[in-house]
Every structure is written in C-alpha cells, then in structure tokens.
Amino acid sequence: MSIESEVFKKMKFCKDKLLSYGFNLDGNCYKYNCKMKNGFTVKLVYDEFNTLTGSIYEPGLEEEYTNFRVESLKGEFVNSIREEYKNILLDIADKCCEKLYFMTPQANRIAKEIIDTYHNEPEFLWESAPDHAIFRHPENKKWYAAILYVDRSRIEKNASGMTEVLNLKIKEEELNKILTQKGFYQAYHMNKKKWISIMLEEIVPDIQVMEYVKKSHFYTS
C-alpha cells in the first residue's frame, strides 16, 4: 500500500477545503506544491478519479526523488523524508477530508441510512479486523447488521480482490428465493440458514438493501 493510500484510506476529499488549504484548480485536477525542511519540493495532485498522488523533487533539480517509497531503505535521511512527507499528507487529511466509516461508496451510504433510520452507530469490535463493523439492536443488544471487508473469493468462487458485504438476518424459508437474486449470497462467517450477505458494489440498489435491513432489524427485535 502506498503512503497516500494508507493516509487517505476511508477519507472523502472536500474540494472547497482543498482550495482553502492552498490547492489550485488546474483543469479537472487540484494541484499543490510546498517545500520540505531540507529544501526538497513536494508536488501533489488530486485528480478527477478522487485520487491524490504525490512526488518529491530535489532542490534545483528536475529529477524526482523516489527512494522514500522503497520500504527496504531505512537510513536516517530517507526516513526523515518519508516521515515529513507523511506528516504533510496527514495535515491535508485532517484539514481537507471527512472521515468515512467504510471503503466503498455504497457501504458508506447504507451505513448513513442505518444511522439516520435506527440511530445506531457502527461498532468496530475487533483489533484483528478493524474494517469489520456491526449494528446492534438498542433494546436487546443483538446484531441485526454487519458490514465486513473481505476477500471476494470468500463470497464468489474464483473471484479476486477485496470487497464489502452486508450481513443481514432472514427467515429460513426466504433463503432459496433470496439467493436467486444477483448480488445476494450465503452469509459470510454467519449461520448460512438464517443470514445472507449482500455485496455492496452497486449491484443491489440502496432502496432494496434497506428493505432487507428493515426486515433484519424486525427479526432481531
């Protein structure tokens, strides 16, 4: 994972705050330059794909300094460059971004709908799985929903990469019918007769997802 990906994980950039911070709009991109303590120049670009990339240039030269990205290099100088660059990014994250709960846009939209509807904040219970969260019924404290960041192959055979799924409780007699729908799967890490997983990759419309959230909330009460 790159330094930028690590710092801006689960972050949403606010374009007005980027401008206030000192970024300049150039076409579809926002650009920002600053000097490091040793005179090196940092050049940052936030592009139309909602990605921030950066590069560092040595004083008086047009050559890019890339050693700080080589993790195996641990010298005092390269460590200081790496640390200062990361601190610049952290300051931008603090002043120009909003913290998101989850990785995918749909997971964050569904989480907001759940919070607004049932007034339950997600609970992140596991240090070993910091991206997993559950929503708990306020009356009996039972889980009625869980958003999990998992390897896609755990849900679909021969698939690759990471994805987010929403686990919800169902009635056993509903299972077979539900699993005929695209985007619905047997539950990941839960009782496969009483729970399902919905892949949060814009396959199932939000309104339909929330219908199953409502059912799960009711079945858990």
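Up top you'll find the structure we're talking about.
Sequence positions are assigned chain by chain, starting from 1 and proceeding in written order. Only residues with pLDDT of at least 70 are given local features in this predicted model, and only at 80 or more are side-chain atom pairs given and counted; all residues enter the totals for whole chains, interfaces and linings. For side-chain calculations, the full set of non-hydrogen atoms in the structure is used, while hydrogens and water are omitted.

**Student:** Would you mind showing me how to read the overall build of the protein here?
**Tutor:** Secondary structure elements follow DSSP: runs of H or I of four or more residues count as helices, runs of E of two or more count as strands, with numbering from the N terminus. Along the protein, the regular secondary structure elements total six helices and twelve strands. This radius of gyration counts C-alpha atoms alone. The globule rule is 2.2 Å times how many residues there are, raised to the power 0.38. Taking 2.2 N^0.38 as the reference for a compact globule, 221 residues should give roughly 17 Å; the C-alpha atoms of the protein span a radius of gyration of 22 Å, well beyond that estimate. For the protein, the spread of C-alpha atoms along the principal axes amounts to about 70 × 35 × 30 Å. For the protein, buried positions account for 43% of its 221 residues. Residue pairs at least 24 apart in sequence account for 49% of intrachain contacts in the protein once pairs closer than 6 positions are excluded. With residues, only the protein chains shown are counted as cover, and all accessible areas are computed by Shrake-Rupley using a 1.4 Å probe. Of the roughly 13,000 Å² of accessible surface on the protein, a fraction of 49% belongs to carbon and sulfur atoms. For the charge count, each Lys or Arg is scored as positive and each Asp or Glu as negative, with His and the chain ends excluded. To locate a charge, take atom NZ for lysine, CZ for arginine, CG for aspartate or CD for glutamate. Considering the protein, the positive charge centre built from 32 side chains and the negative charge centre built from 34 side chains are found 7 Å apart. Each residue is placed in one exposure class: buried if its accessible area under a 1.4 Å probe, protein chains only, is under 20% of its type's maximum, exposed if it is over 50%, and partly exposed if it falls in between. Throughout, a contact is declared for two residues whenever any of their heavy atoms are within 4.5 Å.

**Student:** Help me understand the sheet that holds strand β5 (residues 52–57) in this model?
**Tutor:** Strand pairing within a sheet occurs via backbone hydrogen bonds; the two strands may be parallel or antiparallel. One open sheet holds the five strands; their spatial order is β2-β3-β4-β5-β6, and the pairing between them is antiparallel. Of all the strands in the sheet, just β2 (24–26) and β6 (64–65) have a single pairing partner and so form its edges. Two strands pair if DSSP finds at least two bridges between them. Note that β2 and strand β3 (residues 29–35) share three bridges and pair antiparallel. If you follow L25 over to β3, its bridge partner there is Y30. Most of the contacts of helix α3 (residues 76–96) go to strand β4 (residues 41–46), to which it runs at about 40°, and overall it touches β3, β4, β5 and β6. Axis lines are fitted through C-alpha atoms, for helices just across the contact stretch, and the angle between N-to-C directions can take any value from 0 to 180 degrees.

**Student:** I would appreciate a short explanation of the pattern of salt bridges in the present structure.
**Tutor:** Between side chains of opposite charge, pairing is possible as soon as their charged atoms come close. The term salt bridge refers to a side-chain nitrogen of Lys or Arg lying within 4 Å of a carboxyl oxygen of Asp or Glu. Counted according to the given criterion, the structure contains twelve salt bridges. Between E202 and R109 there is a salt bridge whose closest N-O contact spans 2.7 Å. With E202 in the loop between β12 (195–199) and α6 (206–220) and R109 in helix α4 (residues 105–118), the pair connects residues that are 93 residues apart, well separated along the chain. The class of R109 is partly exposed, set by a relative accessible area of 33%. Put simply, K9, K10 and D131 are held in one network by salt bridges that share partners.

**Student:** Before we go on, may I ask you to explain α3 in this structure?
**Tutor:** A turn of α-helix holds 3.6 residues, and therefore any two residues three or four places apart point the same way. A helix is expected to span 1.5 Å multiplied by its residue count minus one. Here α3 spans 30 Å end to end across 21 residues, near enough to the 30 Å set by a 1.5 Å rise per residue. Within the sequence span of α3, burial applies to V78, I81, R82, E84, Y85, I88, L89, I92, A93 and C96.

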